[in-house]
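Each chain is listed here by its residues.
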Amino acid sequence: MSTRDDDILDFDFLEEGATAESQARNRGSGSGPQGPSDGGPRRPQVRLKSGWTPLLRLVGLIAFAILVVVLLVVWAQGCASDREREAYDDYMTDLKAVGDESATIGNDLGELLTTPGLQQTELETQLAGLIQRQQLGVENANDLDPPGPVRNAHEHAIDALRFRVGGMQGLLDTFVATKTSDDRNEAGERLAAQAQRLTTSDVVWNDLFRIPATAELKDRDITGVAVPASIFVENADLYTTRSMTQTWQRIHGASTGGTPTGIHGNGIESVTVQPAGQQLSTDTETTIQSSTDLAFEVAVTNSGDFQEVGVKVTLTIPKAEGPIVKNGTIDLIEPGETQTVTFRDFPDPPFGEQVTVKVDVLPVTGEANTSNNSAEYPVIFSLS
C-alpha cells in the first residue's frame with residue numbers, strides 16, 4: 001500500500017498532534033515501501049483523542065435537544081388544556097345566565113299565583129309576560145356554542161327550558177278556557193296536569209344536563225368549572241291538584257267580585273325556640289339561652305275552608321334601644337294545613353330581664369275571628 005499521509009484516517013474527534021507524531025515515527029523508521037520490518041502491509045492508523053470533553057459536549061447537546069422537545073410538547077399540551085378549560089368555562093358561564101334567569105321566572109310565577117286578591121285579567125297579562133321571557137331564554141340557549149362532548153347534554157338543557165314555556169302556556173290556556181266554568185275540580189286537575197311540565201323541567205335539567213356534564217368535566221380532568229343548576233319550582237306543593245284547585249277558586253272568586261263567603265282565617269299554633277326545642281307558653285315564663293343559632297319557629301294553621309296566600313307573620317322582641325322586629329311570609333297555606341315561619345339572625349336581646357315576645361299573624365280577607373292571630377310570651381334571655 002502507499003505510504004502517503006492520507007493513508008492515516010483522521011476524524012474530527014481524533015487528536016491531531018498524536019496523529020502527526022505517529023506519521024513522523026513511521027517516516028523515520030527506515031522501513032521500505034512495504035511497511036514495517038515484518039513485511040506486512042502498512043495499516044491505516046486511527047487514534048482516539050486522549051480527552052473526554054468533546055464526547056461529553058456531544059452528549060450534552062443531545063440531552064439539551066431532547067429536553068427542549070419535551071418542554072415544547074408539555075407547553076403545547078398545557079396550552080391546549082388551557083384552551084379547553086376556557087371553552088368549557090365560557091360556555092358554562094353563558095348557560096348559567098340563562099338558567100338563573102329561568103329560575104327567577106319560576107320564582108316570579110310562584111309569587112304571581114300566590115298574590116292575594118289576584119284577578120283573572122291581571123293573571124293573564126303577567127303570565128303572558130313570563131312566557132315571553134322564558135321563550136327568550138330558549139332562544140339565548142340555542143345561540144350558545146357548547147364544546148362538542150357536552151353538546152347532547154346542552155340539548156337537554158334546552159328541552160328543560162321548552163318544558164317551562166309549555167307548562168306556563170298550558171296554565172294560561174287553561175285559566176282562559178275555564179274562567180266561565182263552575183267546576184273547580186275539573187279546572188284544578190287540568191291546571192295540575194299542565195304544571196307537571198314545570199316540575200319535569202327541573203328533573204330534565206338536573207338528570208340529563210347537569211349530571212352528565214359534570215361527569216364529562218371530571219373525565220377530562222377539568223377543574224374549577226361549575227356546571228350550573230336551574231330550579232324552576234321551589235315549592236312543588238303549589239302545583240298539586242289540590243293546590244291548583246284552590247288557586248283557581250281563589251282567582252275565580254276574586255274575578256267575579258263580591259264579599260268572600262265561607263270561613264277564612266289563620267291562627268297561631270305554637271312558637272318554638274331553637275336549637276333547644278323549647279315551646280313558649282303564654283302563661284309561664286321561659287328562660288332562653290342566647291346563641292348564634294337562636295331561632296324562633298312560628299307555626300300557623302289555616303283554620304278556614306279556603307286556601308290563603310301571602311300570609312304575613314311578625315315577631316317582636318322589646319328592647320330599650322328599640323324593638324327587634326322580624327317579618328316573614330307564608331306563600332301558600334291550604335285549609336287545615338299548618339305552615340312554619342322561622343326567624344333567625346337576632347342581635348343581642350335584652351339579657352337578665354323579663355320581656356314579652358309578641359307574635360302577630362295578619363288577618364286575611366274575609367277573616368272574622370282574629371282572636372288567635374296574636375299572642376304574647378313572657379321570656380328571660382340568658383347568656384349561659
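From a predicted model like this one, the values you see are computed outputs, not experimental measurements.

Colleague: Tell me about the overall build of the protein chain, residues and numbers included.
Modeller: Across its full length, the protein chain holds 6 helices and 9 strands. When burial is assessed residue by residue, the protein chain has 37% of its 384 residues classed as buried. Long-range pairs, those at least 24 residues apart, make up 73% of the contacts in the protein chain between residues at least 6 apart in sequence. A total accessible area of about 21,400 Å² is found for the protein chain, and carbon and sulfur atoms account for 51% of it.

Colleague: Describe helix α5 (residues 184-219), with residues and values.
Modeller: Here α5 is 36 residues long and its end C-alpha atoms lie 52 Å apart, about the 52 Å a rise of 1.5 Å per residue gives. Where α5 bends most, at Arg210, the angle is about 25 degrees, and the proline Pro212 comes one to four residues later. Directly after α5, the chain includes Asp221, whose backbone phi takes a positive value near 60 degrees.

Colleague: If you had to explain the sheet that holds strand β7 (residues 338-343) to someone new, which residues and values would you point to?
Modeller: Pairing within the open sheet is antiparallel, and its 4 strands lie in the order β2-β1-β4-β7. The sheet is open, and its two borders are formed by β2 (278-279) and β7, each paired with just one other strand. Two elements, strand β1 (residues 266-274) and β2, share 2 bridges in a ladder whose sense is antiparallel. The residue bridging Val273 from the neighbouring strand is Gln278, located in β2.

Colleague: Requested: an account of the sheet that holds strand β8 (residues 354-361), with residues and values cited.
Modeller: Taken together, 5 strands build an open sheet; the order of strands is β3-β9-β8-β5-β6 and the sheet is mixed. A single partner strand is all that each edge strand has here, and the edge strands are β3 (286-289) and β6 (324-333). Averaged over all neighbouring strand pairs, the angle between strand axes comes to 30 degrees, with direction disregarded. Pairing analysis gives 9 bridges linking strand β5 (residues 308-317) to β6, with the strands arranged antiparallel. Its bridge partner lying in β6, Ile317 is registered against Ile324.

Colleague: Got a sec to walk through the packing of helix α4 (residues 151-177) against α5? Specific residues and values, please.
Modeller: Packing of α4 against α5 brings their axes to within 8 Å, and their N-to-C directions diverge by 170 degrees. Between α4 and α5, the interaxial angle falls into the category roughly antiparallel. In terms of residue class, the contact of α4 with α5 is built from 18 nonpolar, 9 polar and 5 charged.

Colleague: Mind laying out the environment of His154, listing which residues take part and the relevant values?
Modeller: Structurally, the position occupied by His154 is in helix α4. Owing to a relative accessible area of 2%, His154 belongs among the buried residues under this scheme. As for His154 and Trp205, which are separated by 51 residues in sequence, their C-alpha atoms are 9.2 Å apart. Contact partners of His154, with chain neighbours within four places excluded, come to Tyr91, Leu95, Ala141, Leu144, Pro146 and Phe209. Among the polar contacts made by the side chain of His154, one reaches the side chain of Tyr91 at a distance of 2.7 Å.

Colleague: Tell me about the pairing of β8, residues and numbers included.
Modeller: Residues Val355, Val357, Val359 and Val361 line the buried face of β8, whereas the alternating positions Gln354, Thr356, Lys358 and Asp360 sit on a face that is not buried. Where β5 and β8 come together, 4 bridges link them in antiparallel fashion. Bridge assignment links Thr316 to a residue of β8, and that residue is Lys358.

Colleague: For the nonpolar core, give the residues involved together with the corresponding values.
Modeller: Counting 50 residues, the largest nonpolar core has Leu109, Leu127, Met168, Phe209 and Tyr239 as the members making the most contacts within it. Among the secondary structure elements, those contributing two or more residues to this core are α2 (53-113), α3 (120-142), α4, α5 and α6 (241-256). Those residues within four positions of Tyr239 in sequence are excluded, and the remaining contacts are Leu109, Gly110, Leu113, Ala192, Ala195, Leu198, Val233 and Met244. Grouped together as the second largest cluster of nonpolar side chains are 28 residues, Leu280, Ile330, Ile333 and Val341 included.

Parameters and conventions
- Residues numbered from 1 in each chain as written.
- Predicted model: local features only at pLDDT ≥ 70, side-chain atom pairs only at ≥ 80, totals over all residues.
- Heavy atoms only, no water.
- Helix = DSSP H or I, 4+ residues; strand = E, 2+ residues; numbered from the N terminus.
- Buried < 20%, exposed > 50% of the residue type's maximum accessible area, 1.4 Å probe, protein only.
- Contact = heavy atoms within 4.5 Å.
- Areas by Shrake-Rupley, 256 points an atom, 1.4 Å probe, with all protein chains shown as cover.
- Expected span 1.5 Å × (residues − 1).
- Bend = angle between axes of the 7 residues up to and from the residue.
- Pairing = 2+ DSSP bridges.
- Axes fitted to C-alpha atoms, helices over the stretch in contact; angles between N-to-C directions.
- Parallel < 35°, antiparallel > 145°, perpendicular 65-115°, else oblique.
- Nonpolar A, V, L, I, M, F, W, Y, C, P; charged D, E, K, R; others polar.
- Polar contact = N/O pair within 3.5 Å; in protein donor to acceptor, adjacent residues only side chain to side chain.
- Core = buried A, V, L, I, M, F, W, Y, C linked by side-chain atoms within 4.5 Å.

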